[in-house]
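# Structural features, examined
Listed here are the chains, written in short residue letters.
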Amino acid sequence: MTQDKPPAAPLYDRARLLAWMAANGVAQTTHDHPAVFRVGEGLELKAALPGAHTKNLFLKDRKGRLWLISARQDTVIDLKRADKWIGSARLSFGNETLLWETLGVRPGSVTALGLINDPDRRVTFVLDQALWDAEVVNFHPLTNTATTGLAQADFRRFLTLIGREPVVVDFGQLAG
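Below, the structure is looked at part by part. (Residues numbered from 1 in each chain as written. Predicted model: local features only at pLDDT ≥ 70, side-chain atom pairs only at ≥ 80, totals over all residues. Heavy atoms only, no water.)

### Observations concerning helix H6 (residues 152-161)
Within H6, burial applies to Gln152, Asp154, Phe155, Phe158 and Leu159. All buried residues of H6 fall inside an arc of 165 degrees around its axis, so they share one side. Residues of H6 that are exposed and point over 90 degrees away from its buried face: Ala153 and Thr160. Looking at the packing, one finds that the buried side of H6 touches helix H1 (14-23), strand S5 (123-128), helix H5 (129-133), strand S6 (136-139) and strand S7 (146-151). (Buried < 20%, exposed > 50% of the residue type's maximum accessible area, 1.4 Å probe, protein only. Helix = DSSP H or I, 4+ residues; strand = E, 2+ residues; numbered from the N terminus. Arc of directions from axis to C-beta. Contact = heavy atoms within 4.5 Å.)

### Some thoughts on the packing of aromatic side chains
Evaluation of the coordinates by the stated rule reveals 2 aromatic pairs. Where Trp20 meets Phe158, the ring centres are 5.8 Å apart and the plane angle is 90 degrees; that geometry is what we call edge-to-face. Separated by 138 residues along the polypeptide, Trp20 in helix H1 and Phe158 in helix H6 bring together distant segments of the chain. Stacked on the ring of Tyr12, the Lys or Arg Arg16 has its end atom at 4.8 Å from the ring centre. (Phe/Tyr/Trp six-rings, centres within 6.5 Å; stacked < 30°, edge-to-face > 60°. Lys NZ or Arg CZ within 6 Å of the ring centre and 35° of its normal.)

### Here's the deal with the side chain of Asn117
When you line up the elements, Asn117 lands in the loop between helix H4 (96-103) and S5. Side-chain polar atoms of Asn117 contact the backbone nitrogen of Leu11, separated by 3.2 Å. From its side chain, Asn117 meets the backbone nitrogen of Tyr12 in a polar contact 2.6 Å long. (Polar contact = N/O pair within 3.5 Å; in protein donor to acceptor, adjacent residues only side chain to side chain.)

### Thoughts on H4
Think of an α-helix as turning once every 3.6 residues; residues three or four places apart then point the same way. Three or more residues of H4 are buried, namely Leu98, Leu99, Trp100, Thr102 and Leu103. Where H4 is buried, its residues meet strand S2 (52-61), strand S3 (66-72) and S5. One side-chain oxygen of the residue at the start of H4 lies 3.0 Å from the amide nitrogen of Thr97, identifying that residue as Asn95. One or two residues past the end of H4 sits Gly104, with phi positive at roughly 70 degrees.

### Structural notes on the nonpolar core
Met21, Phe155 and Phe158 are the most contacted members of the largest nonpolar core, which totals 32 residues. For this core, the secondary-structure elements that each account for two or more residues are H1, S2, S3, H4, S5, S6 and H6. Ranked by residues supplied to this core, first place goes to H1 with 4 residues. Beyond its immediate chain neighbours, meaning those up to four positions away, Met21 contacts Val26, Gln28, Leu113, Leu150 and Phe158. Residues Leu59, Ile69, Ile77 and Ala82 belong to the second largest nonpolar core, which totals 13 residues. (Core = buried A, V, L, I, M, F, W, Y, C linked by side-chain atoms within 4.5 Å.)

### Concerning the environment of His140
Mapped onto the fold, His140 is located in the loop between S6 and S7. The spatial distance from the C-alpha of His140 to the C-alpha of His53 is 9.8 Å, given a sequence separation of 87 residues. A distance of 2.9 Å separates a polar atom in the side chain of His140 from the backbone oxygen of Ala146.

### Describing a positive patch on the surface
The grouping of Arg62, Lys63, Arg65 and Arg90 at the surface amounts to a positive patch. Locating Lys63 in the fold gives a position in the loop between S2 and S3. (Patch = residues over 30% accessible without salt bridge, like charges linked within 9 Å, V, L, I, M, F, W, Y side chains within 5 Å. Areas by Shrake-Rupley, 256 points an atom, 1.4 Å probe, with all protein chains shown as cover. Salt bridge = Lys/Arg side-chain N within 4 Å of Asp/Glu carboxyl O. Lys, Arg positive; Asp, Glu negative; His and termini not counted. Charge placed at Lys NZ, Arg CZ, Asp CG, Glu CD.)

Structure follows, in structure tokens:
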């Protein structure tokens, strides 16, 4: 009789992520705040922080492929049409176990910075053109009790260092 093992702890948590960034020359500014679970929460907090704020969707397609879409918080993403835009099969939200196993975060803390916990590249990263073009981007640092701001050059450095090339999609243009 075998017992299910609890999922392994992620490679990085907030402290290790921020230390890794510092050690690798990825400049960032992190602000602590009360937990924020949805995009519409904490708008006054976000207004005080410069840069583009994000929504992050962890998805699975019917073929079992995993996807992370990061977009500006005000971007409309039609999941019934997004599959055609990104080259996936019908999309639905990924479950909490897969989220923890691949990105090392819990629901409400989904973030592009979680890609550091996916060295096997199980998750395909899709980035909104508006974020790719933003001077500063803001993501949770693996927990929804803080926001980490990165200049675009530092965000791209982060992606390069972890060996990730995003699929850049202009969701704003496709929403019409």
